[in-house]
Amino acid sequence: MPKKPIKVYFEVKNNGLFYYPLRETTDKLPHRLKLEGKWRLLNGNCVFDVNESYSTVFGQSISFSAKIEKASKNYIRFNILKRTTPKLRNRTSLQFNGRWKVDDCNNLVFEVQRTNSFDEFNLGNNWQVTKENNILLLYKRRFLKKEIISSFVLEGNWELGNNALNFVIENSNNSRLKFGLALTRNAIIFNKGKMDLTIGARKDSIKTISLYGRCKYLKDRIEFTATFGNQALTWIFKVNKRLSADKELIFELINGKNKPLGLQITFSKKIAAAGNLFMRAKIGEDKRMEAGLYLPF
C-alpha cells in the first residue's frame, strides 16, 4: 500500500505513539488516539509499524528522521527534525525507556519496553572500544537521499567474569552487556598497552576487541591496570602451571581471589611407539576444542 500524506500531530509518551488530528479532521477520527503497532529502526531512523486496522489511514508505517543523541542505562534519546506538538511546543527529541542486551552476533540491541512485551532497536555490531574504554558504535542512517555515518558513545566499565566479558553501563549495578569469550586459544592476549579479547558465541560472529591499560609481567602473575570511568582498577591473573596425571601441562588463568576464570589451555605430549602431540583449549565446563597431531618420536 503506498504511503498517503496526512497532516496530523504525533506525540510519543511512555514509548507509545499518540495521534492528534487537526481540527478539521476531528469528525473522522477520535480527538486523541493511541496507535497500536511496533517500533523498530530502519536506515538509522525510528519507524513505527502500525497494526493492519490503522493502515488505511496512516499507511503501513510512520517514520521519524532521527539521530541518536544520548544513550544511558535505561533509555535512548533521538534528535529529530523540528516538529510541533498539539500544545504548539517545539519537539526536537524522542526518548524511549527500556533495557540493553547483546545478541548472539554481538549486535547491540535496545529493547523498548511496552506494556507486555519489548520492541527492538537493533543497532548492529559495528562497535569498538575507545581509548577511554567506553563503547563507540557507528551506524548508517539515511537523511533525504544521503547516507550518513553517525555514532554515539555508551559509557561504563568492564568486568571479567567466568567465561564472559561484561560491560556495566554507567551509573548502574545491574545493567550489563554480556559478551561470551570465544572458544579459542587466543581468547585473551596481553600486550604492552592493551589487552585483546576475542568474544563471540558463534563462529560466524567472533570479534576481537581491546581494553586499554598497562600490563605488568611478574614471575607468577600478570597484572592489567586500566581506567574505567573515573576509577583505576587492576586485574590480577595468576598463571597456574601444573602437570596432570596424564602428563598434560595445564595453563590456567586465575583471578586475584584464586578463582579460575574458566579459561584453560592444555598441552599434552605422550611418549609411546607412535607418539602424539595434543593441544586442547577449554572454556567453562561444557565447551571444549581439541586437535591432535600424531608424530613418531
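About the thresholds
Residues numbered from 1 in each chain as written. Predicted model: local features only at pLDDT ≥ 70, side-chain atom pairs only at ≥ 80, totals over all residues. Heavy atoms only, no water. Helix = DSSP H or I, 4+ residues; strand = E, 2+ residues; numbered from the N terminus. Buried < 20%, exposed > 50% of the residue type's maximum accessible area, 1.4 Å probe, protein only. Contact = heavy atoms within 4.5 Å. Core = buried A, V, L, I, M, F, W, Y, C linked by side-chain atoms within 4.5 Å. Phe/Tyr/Trp six-rings, centres within 6.5 Å; stacked < 30°, edge-to-face > 60°. Lys NZ or Arg CZ within 6 Å of the ring centre and 35° of its normal. pLDDT = per-residue confidence, 0-100. Pairing = 2+ DSSP bridges. Axes fitted to C-alpha atoms, helices over the stretch in contact; angles between N-to-C directions. Salt bridge = Lys/Arg side-chain N within 4 Å of Asp/Glu carboxyl O. Lys, Arg positive; Asp, Glu negative; His and termini not counted. Polar contact = N/O pair within 3.5 Å; in protein donor to acceptor, adjacent residues only side chain to side chain.

Trainee: Explain the overall build of the chain residue by residue, including any values.
Mentor: Counting its secondary structure elements, the chain contains one helix and 26 strands. Across the 297 residues that make up the chain, the buried fraction comes to 43%. When contacts within the chain are restricted to residue pairs at least 6 apart in sequence, long-range pairs at least 24 apart make up 32% of them.

Trainee: Any chance you could break down the nonpolar core for me, citing the residues and the numbers?
Mentor: Most often, soluble globular proteins have nonpolar side chains that are buried together. Counting 59 residues, the largest nonpolar core has Leu35, Trp39, Ile76, Phe96, Trp100, Trp158 and Trp235 as the members making the most contacts within it. Those residues in contact with Ile76, other than ones at most four positions away along the chain, are Ile68, Lys70, Ala71, Leu94, Gln95, Phe96, Trp100, Phe110, Phe121 and Leu123.

Trainee: Tell me about the packing of aromatic side chains, residues and numbers included.
Mentor: One pass over the full model with this rule turns up 15 aromatic pairs. Aromatic side chains Phe96 and Phe121 sit 5.3 Å apart centroid to centroid with 85 degrees between the ring planes, which places their arrangement in the edge-to-face category. With Phe96 in strand β9 (residues 90-102) and Phe121 in strand β11 (residues 118-122), the pair connects residues that are 25 residues apart, well separated along the chain. Assessed through its relative accessible area of 0%, Phe96 is described here as buried. Residue Phe121 is classed as buried on the basis of its relative accessible area, which comes to 0%. Here the basic side chain of Arg99 rests over the ring of Phe118, its NZ or CZ set 3.8 Å away from the ring centre. One Lys or Arg, Lys207, reaches over the ring of Trp127 and ends 5.0 Å from the middle of that ring.

Trainee: I'd like to hear about the confidence of the model for the chain, residue by residue, with values.
Mentor: Detail in the predicted coordinates should be disregarded across regions flagged by low pLDDT. Summing up the model confidence of the chain, the mean pLDDT is 76 and the portion of residues at 70 or higher is 70%. Per-residue pLDDT, averaged within each element of the chain, yields its smallest value for strand β26 (residues 287-294) (41) and its largest for strand β12 (residues 127-129) (95). Taken as a whole, residues 1-5 scores under 50 in pLDDT and shows five contacts with residues more than four places along the chain or in a different chain. Counting interchain partners and residues more than four positions distant, the pLDDT-below-50 stretch residues 84-89 has 11 contacts.

Trainee: A description of the sheet that holds strand β4 (residues 37-42) should follow, citing residues and the corresponding values.
Mentor: As summarised here, the arrangement of the three strands in space is β4-β5-β6, forming an open sheet in which the pairing is antiparallel. Of all strands in the sheet, those bounded by a partner on one side alone are β4 and β6 (61-64). If you compare each strand with its neighbour and ignore which way they point, the axes differ by 25 degrees on average. As defined by bridge partners, strand β5 (residues 45-50) adjoins β6 across four bridges and the pair is classed as antiparallel. The residue bridging Val47 from the neighbouring strand is Ser63, located in β6.

Trainee: For the pairing of strand β20 (residues 207-217), give the residues involved together with the corresponding values.
Mentor: Strand direction decides the pairing type here: strand β19 (residues 194-199) and β20, joined by six bridges, are antiparallel. Note on β20: the bridge partner recorded for Thr198 is Thr208. Where β20 and strand β21 (residues 221-228) come together, five bridges link them in antiparallel fashion. Each residue of the ladder has a partner; that of Cys215, found in β21, is Phe224.

Trainee: Account for the sheet that holds strand β16 (residues 164-169), naming residues and giving values.
Mentor: The three strands are arranged β15-β16-β17 in an open sheet whose pairing can be described as antiparallel. Across the chains shown, the open sheet's two edge strands, defined by having one partner strand only, are β15 (156-161) and β17 (176-180). On average, adjacent strands in this sheet sit at an angle of 20 degrees to one another, irrespective of strand direction. Pairing of β16 with β17, which is carried by five bridges, proceeds in the antiparallel orientation.

Trainee: Pulling in residues and values, what's your account of the pattern of salt bridges?
Mentor: Per the stated rule, a full pass over the model turns up seven salt bridges. Measuring nitrogen to oxygen at the nearest pair gives 3.0 Å for the salt bridge that ties Glu120 to Lys101. Of this pair, Glu120 sits in strand β11 while Lys101 sits in strand β9, and the two are 19 residues apart along the sequence. In this structure, Arg114 engages Asp119 in a salt bridge whose closest nitrogen and oxygen atoms are separated by 2.6 Å. Like Asp119, Arg114 is buried. Three or more residues are tied together by salt bridges with common partners; here these are Arg99, Lys101, Glu111 and Glu120.

Trainee: Pulling in residues and values, what's your account of the pairing of strand β14 (residues 146-154)?
Mentor: Sheet topology places strand β13 (residues 135-143) next to β14; nine bridges connect them, and they run antiparallel. Looking at β14, one finds that Arg142 is bridged to Glu147. Once β13 ends, the chain turns through two residues before running back antiparallel as β14, passing Leu144 with a positive phi of about 55 degrees.

Trainee: How would you summarise the side chain of Arg141 if you had to cite specific residues and measurements?
Mentor: Mapped onto the fold, Arg141 is located in strand β13. The buried charged residue Arg141 lacks any salt bridge partner; its closest oppositely charged side chain belongs to Glu147, at an N-O distance of 11 Å. A distance of 2.8 Å separates the side chain of Arg141 from the side chain of Ser150, its partner in a polar contact. Among all residues touching Arg141, those that are not within four sequence positions of it are Asn43, Gly44, Ala66, Lys67, Lys146, Glu147, Ile148 and Ser150.

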